[in-house]
Amino acid sequence: MIKYLIVFTLFLTRLNAQNNWDIKSCVDYAVKHNIQLKQADLNNQINKNNSDQSKAAILPSINLGASHTYNFGKTIDRFTNTFANTQVLSQNFFISSNVVLFSGFSQYNNLKANEYAYLSSTESLKQQQYDLTLNVVNMYLNVIFTDELAGISKGQYKITQEQLDRTKKMVDAGALAKSVQFDIEAQLANEEVNVTNAENNYQLALLSLRQIMNLDSVGTFNVIKPNLDVEGQSILKDDVQSIYETALKNQPGIKSAEYSLLSSEKTLATARGRRFPTVSMNGSMGTGTSGLAKDITGFNIVGYDTTAVTTGGQYVLSPRTEIVTKPIPFADQFKDNVNKSFGFTISVPLFNGLQTHTGVKNAKLNLINTRYSQELAKQNLYKTIAQAYTSAKAALSRYMANKKSVEASQASFDFADQKFNVGAISAFDYNTAKNRLLVAQSNLLQSKYDYILRLKVLDFYQGKDLTF
């Protein structure tokens, strides 16, 4: 019995550990199961295959071939050079090779273009992983924020419930009017709605996190709440320019744009290379057999024919013969019919419907467009960093102001609570002080997580790990 109890306890402990997720577990799961990342990875593999294929295209091509042919009707046999008017079986075997010696370096430039395209897609895949990580961090912080916000609402509800209990006693004792109790009950009902809304927002935040992770929304899911203290966070020591210069060196999106620009430059060089002559070297070796190929083994006299008459009137007889043959063996034909060739070919592009000219023009335009894309990527990066930096400073200022507001509102509420308990103020004034505290606490919480998120964005662009 004890054995089964231990196993069951271990199972529950493991199950509970699986249901409690920290930020690293959430990010790792999201990166592993995101469909768009999987599609991007497949596209990256295609670019890798194209890069490998362009490298192999420079190597000589080698082809093997064979044919097995039946011919009917009158024809000239290619291996015996004789007329045939019957069914003839012929076979042909060959190997050929061709290699391009010069093509205006278009092959080499195409190789480099595909290689840079592969490197660009690799960095683009990393950028998508980084962006997903940042989104998961945002959702994760939102879960913690809504959870703490729900905790504040529950705390306020508990305070009002306790105040209602005290008010009922004072009303029963005749110290307060019944209307005061009604006011507190109305306030309690409103705060119950606030608690319900806060809990719903928390559940929606959990759902959003699970959806971005591509995690099944059925089952228990809890996040591990880290200890997040604004005072313990790093201070904004670096300015926008220094953060931007660091981001230029480590952001995959910028590297992807740079590789894309290099690929476009090589694509233009490839298009220009097609204007030059192409010189190639080729060679082949082949052999074949024919059913008409035969060896002469001798002659047979099958009769005599009169071929002339002498002056004396005598007939001159000549023997009539037939040739005795035998088929030449397959191995002998295969050996005797070998032919070899070797040569060079030059192709000069004079006019091809302006295809080469149009290809060069389009490659130039694509290069200009790629430069614009690179510059746009840098501009967007700077704007994002500047916005995150400014937002972080503003959030820190709001946090400090809201912290003072919470302290003042808490002191005001404590004083109002004391005065209300002795009947010195109305329920309206009491609820006003209480709502003012709730607003101050909510604003403090919002500015806190806004500041932490902006710091994580700046850490992200500096290549730091997004951990807590």
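Small disclaimer: the values here were computed from a predicted structure and weren't measured.

Caption draft 1: Region of interest: the overall build of the protein chain. Helix and strand counts for the protein chain come out as 10 helices and 10 strands. Against the 2.2 N^0.38 benchmark of 23 Å for 468 residues, the protein chain shows a C-alpha radius of gyration of 45 Å, more extended than a compact globule. A fraction of 81% describes how many contacts in the protein chain between residues 6 or more apart in sequence connect residues 24 or more apart. As displayed, the protein chain has an accessible area near 28,300 Å², and 55% of this comes from carbon and sulfur atoms.

Caption draft 2: Structural context of the nonpolar core. Formed by 56 residues in total, the largest nonpolar core has its most connected members in Cys26, Val136, Leu209, Met213, Phe221, Ile385 and Tyr449. Per element, the largest residue contribution to this core is 13 residues, and it comes from helix 10 (residues 427-461). Apart from the residues lying within four places of it in its own chain, the contact partners of Cys26 are Trp21, Val136, Tyr140, Leu209, Met213 and Phe221. Core analysis: the second largest hydrophobic core is formed by 15 residues, Leu188, Phe413, Ala416 and Leu437 among them.

Caption draft 3: The arrangement of the packing of aromatic side chains in detail. On inspection of all chains with the given rule, the structure shows 9 aromatic pairs. Arranged with centres 5.4 Å apart and planes meeting at 90°, the rings of Trp21 and Tyr29 form a pair that is edge-to-face. Look at Tyr29 and you get partly exposed, because its relative accessible area is 22%. When the ring of Phe145 is compared with that of Tyr449, the centres are 6.0 Å apart and the planes differ by 65°; the resulting orientation is edge-to-face.

Caption draft 4: Main features of the packing of helix 7 (residues 252-273) against helix 9 (residues 355-421). Where helix 7 meets helix 9, the closest approach of the two axes is 9 Å, and the angle between their N-to-C directions is 170°. Of the possible angle classes, the one that applies to helix 7 and helix 9 is roughly antiparallel. Crossing angle aside, the handedness with which helix 7 passes helix 9 is left-handed. Per-class residue counts for the contact of helix 7 with helix 9 are 10 nonpolar, 8 polar and 6 charged.

Caption draft 5: Quick look at the sheet that holds strand 5 (residues 88-102). An order of 2-5-7-10 is seen for the 4 strands of this open sheet, with the pairing classed as antiparallel. Only two strands of the sheet have a single neighbouring strand rather than two, namely strand 2 (61-71) and strand 10 (339-347). Between one strand axis and the next, the sheet turns through 20° on average, direction left out of account. Sheet topology note: the strand 5/strand 7 (residues 278-290) ladder contains 12 bridges and is antiparallel. Bridge assignment links Asn98 to a residue of strand 7, and that residue is Asn282.

Caption draft 6: Summary view of the environment of Glu199. Mapped onto the secondary structure, Glu199 falls in helix 5 (residues 178-213). Since its relative accessible area comes to 34%, Glu199 is described here as partly exposed. Note: C-alpha distance between Glu199 and Asn352 (153 residues apart in sequence) is 71 Å. Contact partners of Glu199, with chain neighbours within four places excluded, come to Ala150 and Lys154.

Caption draft 7: Representation of the packing of helix 2 (residues 23-33) against helix 4 (residues 106-172). It is the contact of helix 2 with helix 4, at a shortest axis distance of 9 Å, that shows an interaxial angle of 135°. As summarised for this structure, helix 2 and helix 4 are arranged oblique, according to the angle between their axes. Helix 4 is crossed by helix 2, and the crossing has right-handed handedness. For the pair helix 2 and helix 4, contact is made by Ile23, Cys26, Val27, Ala30 and Val31 and by Gln129, Leu132, Thr133, Val136, Val137 and Tyr140, respectively. Residue classes in the contact of helix 2 with helix 4 are distributed as 9 nonpolar, 2 polar and no charged.

Caption draft 8: Focus on helix 7. Taking 1.5 Å per residue, 22 residues should reach 32 Å; helix 7 reaches 31 Å between its end C-alpha atoms and fits that length. For helix 7, every residue scored as buried is listed here: Pro252, Ile254, Ser256, Ala257, Leu261, Ser263, Ser264, Leu268, Thr270, Ala271 and Gly273. Buried-residue contacts for helix 7 involve helix 4, helix 6 (240-250) and helix 9.

Caption draft 9: Unusual backbone geometry, seen in detail. In the Ramachandran plot, Phe105 falls in the positive-phi region, its phi being about 60° despite a non-glycine side chain. Looking at the secondary structure, you find Phe105 in the loop between strand 5 and helix 4. Given a relative accessible area of 56%, Phe105 falls into the exposed group.

Caption draft 10: Representation of a nonpolar patch on the surface within the structure. Together, Leu101, Phe102, Phe105, Tyr108, Phe276, Phe342 and Phe344 line one region of the surface with nonpolar side chains, adding up to about 810 Å² of accessible area. With respect to the helices, strands and loops of the structure, Phe276 is situated in the loop between helix 7 and strand 7.

Caption draft 11: Spotlight on the side chain of Asn109. Looking at the secondary structure, you find Asn109 in helix 4. Residue class for Asn109 comes out buried when judged on its relative accessible area of 9%. At 2.9 Å, the side chain of Asn109 forms a polar contact with the backbone oxygen of Phe105. Beyond its immediate chain neighbours, meaning those up to four positions away, Asn109 contacts Gly104, Lys266, Ala269 and Thr270.

Conventions we followed
Residues numbered from 1 in each chain as written. Predicted model: local features only at pLDDT ≥ 70, side-chain atom pairs only at ≥ 80, totals over all residues. Heavy atoms only, no water. Helix = DSSP H or I, 4+ residues; strand = E, 2+ residues; numbered from the N terminus. Rg over C-alpha atoms; globule rule 2.2 N^0.38 Å. Contact = heavy atoms within 4.5 Å. Areas by Shrake-Rupley, 256 points an atom, 1.4 Å probe, with all protein chains shown as cover. Core = buried A, V, L, I, M, F, W, Y, C linked by side-chain atoms within 4.5 Å. Buried < 20%, exposed > 50% of the residue type's maximum accessible area, 1.4 Å probe, protein only. Phe/Tyr/Trp six-rings, centres within 6.5 Å; stacked < 30°, edge-to-face > 60°. Axes fitted to C-alpha atoms, helices over the stretch in contact; angles between N-to-C directions. Parallel < 35°, antiparallel > 145°, perpendicular 65-115°, else oblique. Left-handed = near helix turned anticlockwise from the far one by under 90°. Nonpolar A, V, L, I, M, F, W, Y, C, P; charged D, E, K, R; others polar. Pairing = 2+ DSSP bridges. Expected span 1.5 Å × (residues − 1). Patch = residues over 30% accessible without salt bridge, like charges linked within 9 Å, V, L, I, M, F, W, Y side chains within 5 Å. Salt bridge = Lys/Arg side-chain N within 4 Å of Asp/Glu carboxyl O. Polar contact = N/O pair within 3.5 Å; in protein donor to acceptor, adjacent residues only side chain to side chain.

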